[in-house]
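# Structural characterization, general
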Amino acid sequence: MPPLVTLEKHGNLGVVALNNPPVNALSHELRRTLCALLAEAFADASIDAIVIWCEGRTFIAGADIREFGKAPLAPDVPEVVELIDRAPKPVIAALHGTALGGGLELALACHYRIAVASARLGFPEVTLGLLPGAGGTQRLPRLIGVSAALDLIVNGTLVSAAKAHALGLIDAVIEEPLKEHAQAFGARVLLERRPLRRVSELVAQLDAPEQLEAYRSSIAQKHRGFLAPFHCIEAVRAAVELPFEAGLQRERELFVELMASPESKAQRHAFFAEREVAKLPGLAAETATRALRSVVVVGCGKRARALGACFAGAVPAVTLLAGTQQELDNTVAALGVSSAASVLDGANAGEGRAGMTCTLDARLLSEADLIVEASAGDVAAQRSALARFDAASRPGAILVSTLPYSDIDTIASCTGRPADVVGIHVYRGGAARIVEIMRARDTSPEVSATLMQLVKSLGKVPALVRGPVGSRMFTEYLREALFLLEEGAVPQQVDRVLHDFGFQLGPFAESDREGLDIEWNHRKARFDSLDPRARACTLLEQICEQGRFGLQAGAGFYRYDADGNPIPDPDLEALLVLHSKDRGVVRRTIPDHEILERCLFALINEGARVLEERVAARPLDIDMIWIHGYAFPVYRGGPMFYADQLGLAGVRDAMLEYAAQTRAEHRTPAPLVERLALGAKGFYAAP
Ligand code: 3HC
């Protein structure tokens, strides 16, 4: 293994190079070696200035997150940073790749900072539920002003080298190769006898006395539920109100508080889960993939358009296959895509959005590498569509089903090549970062790997599962919410409770947005398998039968104004009262904590079943699907992580109590919940 840090002499310049792949994180061993070599360079009379740069793809991307939560080992990051600040000779940070968090803090302690044009700089600590804890909150406002510093620290946004230069965060944007130009810059600093410019000696001032309070109010809604953004503001307050040393101490106190907070633990869990989810055990990283040059999405509806738009960024040719001339005309008009009378003949008509075309020419199926069925509304229609694609397409083409609730094995079995069949489910019309890839029993590893790669190339997170996960859990969550309506709650109360928990939308507003027909169709398809209480809770069909299909229809669980804002609807409340009466249920006032627990425990319980049936391989797959697909609050880590924090014994006991109280036998804890609770374990590990 090459050394983590080296010191080379080039004339009177000392060049310190860090080499800790993949991202040069400030691990303990690196910090120890760096301090030792810096001390050596400070003491060496033949070295007049020092350049710090990194080997590999990036400058330091921050503290080593894997060390968080463990006993800190000296020297810690703040010690390294302050050592550089006090250096007796100029130290220059030469940046490339991403200079982040503790890496940027180290650079801020240097006396000069230069970067290549492609470098990006920032403080992403807030996304881990933290704040820059090695002087970043004290130095940045001193260097670039309070307003710009708040923006960077509180939002975690990265800036380009050019923007950093404009802000005064770096001294120059330099040419590549970095090492040579950094040395030339160092030589210039010496030649021009430039002073030691210590950011810690500058003063940070507010633009107006009420600036911090105004900023706090301005972010209150956006950062609702998070702790770190508000601690960041307090740390910046220390930079303007306290001397530098006292400010550092205040920053440390706030950092330590955040590090121990459940919010940060959950956000750090999400950081690693997001990277882990794409590495599935059982699917080797080196699995071959198939080339995807052309995709045909069959259909022109909402689902088809969303999928087409997603793929258009990554695949050279994406075509929506319309069923009728009317569909073709509507799609061309709505999306601004080009129409193609016959794509095979190259007869494209007009310029459209890059990479996407719409056609009526079904012969295109024979040329496609990937065919996506996005028009059929039920399993039978999907099956016959995939059988048709099987016959029409060339060997090796991948056939994709997109029904959110479909049994992918049943669909794959209608083709002569189940190894080429896979399902996908995008959330929020393709806007969500997660994509569920559902492999069937016989889907080949190559096909799974191809889809995983495609999703990654879209900048999204792929979760490889054996059947529907997110939608299946949502059904159980909504079912419990409907029982609550039957027992006495109203949609706005249930939604408020889940919104206060941290969801953007509660289950009813969420269902209205997606369209109630989806859940209704699913309910109809599996009606015979429902338990008696679920069958008798006919609220969904009563609402849909009135044409209240949700936001698009102007009404669902709510009424919607012209701007799409939900308004509680007395007509719906009257329907609920009547339904409860018909069912012989005496409506009662349901406390908020009961609403919260029953909805969340229904979700967690179904997640446990999904794990037990191996539909999802790991709890982290479920957490990622819920954080990204349904905006489950990331500062709670996802439903399975959250359940572990609550303790599964408590979850089990509460479920049993609610089941007895509401005579809801269906709400018995899943066997996995029982087993883990008995063993005092969690979904992730023994606590
Ligand atoms: N510590 C430890 N490991 C890290 C790390 C870090 N700071 N940053 C990234 N890694 C690991 C990832 O977990 C991943 O590991 P894996 O290969 O085993 O899955 C590997 O490095 C590569 O990371 P990515 O897959 O994310 O690679 P990308 O090229 O897509 O992105 C990146 C690179 C932009 C640097 C991205 O990894 C990133 O944003 N990292 C986090 C940066 C960060 O949050 N820094 C602040 C840390 S907190 C801090 O510094 C506290 C200080 O104020 C005291």
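## Notes on the sheet that holds strand β5 (residues 98-100)
What links the strands of a sheet is backbone hydrogen bonding, and the strands pair in either a parallel or an antiparallel sense. In space, the 3 strands of this open sheet follow the order β5-β7-β8, with mixed pairing throughout. Here the strands that pair on one side only, and so sit at the sheet edges, are β5 and β8 (159-160). Strand direction decides the pairing type here: β5 and strand β7 (residues 120-122), joined by 3 bridges, are parallel. The residue of β7 that forms the bridge with Ala 99 is Leu 121. Along the sheet, helix α3 (residues 102-109) makes contact with β5 and β7, crossing β5 at roughly 85 degrees.

## Quick look at the environment of Pro 568
Checked against the element boundaries, Pro 568 lands in the loop between β21 (566-567) and α23 (570-583). Discounting chain neighbours no more than four positions away, the residues touching Pro 568 are Gln 492, Tyr 558 and Glu 573.

## Focus: the site of the ligand
Near the ligand lie 25 residues; those nearest to it are Arg 57, Glu 105, Glu 125, Arg 275 and Lys 279. Taking 990 Å² as the accessible area of the ligand by itself, protein coverage stands at 76%. Every element with two or more residues in the shell around the ligand is listed here: β5, α3 and α11 (262-276). For the shell around the ligand, the element with the highest residue contribution is α11, accounting for 3 residues. Taken together, the residues that form the shell around the ligand break down as 13 nonpolar, 5 polar and 7 charged.

## Some thoughts on the sheet that holds strand β1 (residues 5-10)
In spatial order, the strands read β1-β2-β3-β4-β6-β9; together these 6 strands make up an open sheet with mixed pairing. The sheet is open, and its two edges are formed by β1 and β9 (172-174), each paired on a single side. Pairwise comparison of adjacent strand axes, ignoring direction, gives a mean angle of 25 degrees for this sheet. By the bridge criterion, 4 bridges tie strand β4 (residues 91-95) to strand β6 (residues 112-116) in an arrangement that is parallel. Counted as the bridge partner of Ala 93 is Arg 113 from β6. In the packing of helix α1 (residues 28-43) onto the sheet, contacts are made with β1, β2 (13-18), β3 (49-54) and β4, and the angle to β1 comes to roughly 20 degrees.

## Concerning the environment of Val 116
Along the chain, Val 116 turns up in strand β6. Considered as a pair, Val 116 and Glu 176 are 60 residues apart in the sequence and their alpha carbons are 6.5 Å apart. Not counting chain neighbours up to four residues away, the residues in contact with Val 116 comprise Leu 95, His 96, Ala 161, Val 173, Ile 174, Glu 175, Glu 176 and Leu 178.

## A word on the domain arrangement of the chain
Taken as a whole, the chain is organised into domain 1 (5-260), domain 2 (294-467) and domain 3 (472-685). Computed over C-alpha atoms only, the centres of domain 1 and domain 2 are separated by 46 Å.

## Considerations on the nonpolar core
One broad rule of soluble globular proteins: the nonpolar side chains tend to lie buried together. Ile 52, Leu 106 and Leu 169 are the most contacted members of the largest nonpolar core, which totals 90 residues. Ignoring anything within four residues of it in the chain, the contact list for Ile 52 reads Val 16, Leu 18, Leu 38, Phe 59, Ile 84, Val 91, Ile 92, Ala 93, Ala 94, Leu 106 and Cys 110. Of all hydrophobic cores here, the second largest spans 77 residues; its members include Leu 482, Cys 599, Ile 604 and Met 624.

## A word on the pairing of strand β16 (residues 398-401)
With burial as the criterion, each face of β16 is covered, one bearing Ile 398 and Val 400 and the other bearing Leu 399 and Ser 401. With 4 bridges joining them, strand β15 (residues 370-373) and β16 adopt parallel strand pairing. By the bridge assignment for β16, Glu 373 is matched with Ser 401. Summarising the sheet, β16 and strand β17 (residues 421-426) pair through 3 bridges and their orientation is parallel. Among the inter-strand pairings, Val 400 is bridged to a residue of β17, identified as Val 422.

## Description of the packing of helix α5 (residues 146-155) against helix α9 (residues 228-241)
If you want to describe how two helices pack, look at the angle between their axes and the distance between the axes. Following both chains from N to C, one finds α5 and α9 inclined at 150 degrees, their axes separated by 10 Å at the closest point. The orientation of α5 relative to α9 falls into the category roughly antiparallel. Considering only the axes of α5 and α9, their crossing is right-handed. Residue-level inspection shows Val 146, Leu 150, Ile 153 and Val 154 of α5 in contact with α9, the latter providing Pro 229, Cys 232, Ile 233, Val 236 and Val 240. Among the residues making up the contact of α5 with α9, the classes are represented as 9 nonpolar, no polar and no charged.

## A look at the state of the cysteines
Overall, the coordinates contain 0 disulfides when judged by the stated rule. Here Cys 35 is not cross-linked by a disulfide; its sulfur's nearest cysteine counterpart is in Cys 110, at 12 Å.

## Some remarks on the side chain of Gln 138
Mapped onto the elements of the fold, Gln 138 is located in helix α4 (residues 136-144). Within the structure, Gln 138 has its side chain in polar contact with the backbone oxygen of Ala 235 (distance 2.9 Å). With near-sequence residues (within four places) excluded, Gln 138 lies in contact with Ala 235, Ala 238, Ala 239, Phe 244, Gly 247, Leu 248 and Glu 251.

## Comments concerning unusual backbone geometry
The bulk of non-glycine residues show a negative phi, and the bulk of peptide bonds are trans. With an omega of 0 degrees, the peptide bond running from Pro 21 to Pro 22 counts as cis. Here Pro 22 shows up in the loop between β2 and α1. Cis geometry marks the peptide bond from Glu 176 to Pro 177; its omega dihedral reads 0 degrees. If you trace the backbone, Pro 177 turns up in the loop between β9 and α7 (178-191). Even without a glycine there, the phi angle at Ala 631 is positive, about 55 degrees. The residue Ala 631 is located in the loop between α25 (619-629) and α26 (639-646) in this model.

## Structural notes on the environment of Ile 52
With respect to the helices and strands, the residue Ile 52 is situated in strand β3. For the pair Ile 52 and Lys 456, spaced 404 residues apart in the sequence, the C-alpha separation amounts to 33 Å.

## Observations regarding the side chain of Lys 89
If you trace the backbone, Lys 89 turns up in the loop between α2 (77-85) and β4. With no salt bridge to any partner, buried Lys 89 finds its closest opposite charge in Asp 48, at an N-O distance of 5.9 Å. Apart from residues no more than four positions distant in its own chain, Lys 89 is found in contact with Ala 41, Phe 42, Asp 44, Ile 47, Asp 48, Ala 49, Ile 50, His 111 and Leu 196.

## What to know about the packing of aromatic side chains
Counted under the stated rule, the structure contains 19 aromatic pairs. Relative to Tyr 477, the ring of Phe 474 lies with its centre 5.6 Å away and its plane at 65 degrees, an arrangement referred to as edge-to-face. Taken together, the residues Phe 474 and Tyr 477, both in helix α17 (residues 470-487) and 3 residues apart, mark about one turn of the helix. Like Phe 474, the residue Tyr 477 is buried in the burial classification. When the ring of Phe 503 is compared with that of Trp 626, the centres are 6.4 Å apart and the planes differ by 85 degrees; the resulting orientation is edge-to-face. Placement of the pair is Phe 503 in the loop between α18 (491-501) and α19 (507-514) and Trp 626 in helix α25, with a sequence separation of 123 residues. Both residues of the pair, Phe 503 and Trp 626, count as buried.

What counts and what doesn't
Residues numbered from 1 in each chain as written. Predicted model: local features only at pLDDT ≥ 70, side-chain atom pairs only at ≥ 80, totals over all residues. Heavy atoms only, no water. Pairing = 2+ DSSP bridges. Helix = DSSP H or I, 4+ residues; strand = E, 2+ residues; numbered from the N terminus. Contact = heavy atoms within 4.5 Å. Axes fitted to C-alpha atoms, helices over the stretch in contact; angles between N-to-C directions. Near = heavy atom within 4 Å. Areas by Shrake-Rupley, 256 points an atom, 1.4 Å probe, with all protein chains shown as cover. Nonpolar A, V, L, I, M, F, W, Y, C, P; charged D, E, K, R; others polar. Domains from an automatic or database assignment. Core = buried A, V, L, I, M, F, W, Y, C linked by side-chain atoms within 4.5 Å. Buried < 20%, exposed > 50% of the residue type's maximum accessible area, 1.4 Å probe, protein only. Parallel < 35°, antiparallel > 145°, perpendicular 65-115°, else oblique. Left-handed = near helix turned anticlockwise from the far one by under 90°. Disulfide = S-S within 2.5 Å. Polar contact = N/O pair within 3.5 Å; in protein donor to acceptor, adjacent residues only side chain to side chain. Lys, Arg positive; Asp, Glu negative; His and termini not counted. Salt bridge = Lys/Arg side-chain N within 4 Å of Asp/Glu carboxyl O. Phe/Tyr/Trp six-rings, centres within 6.5 Å; stacked < 30°, edge-to-face > 60°.

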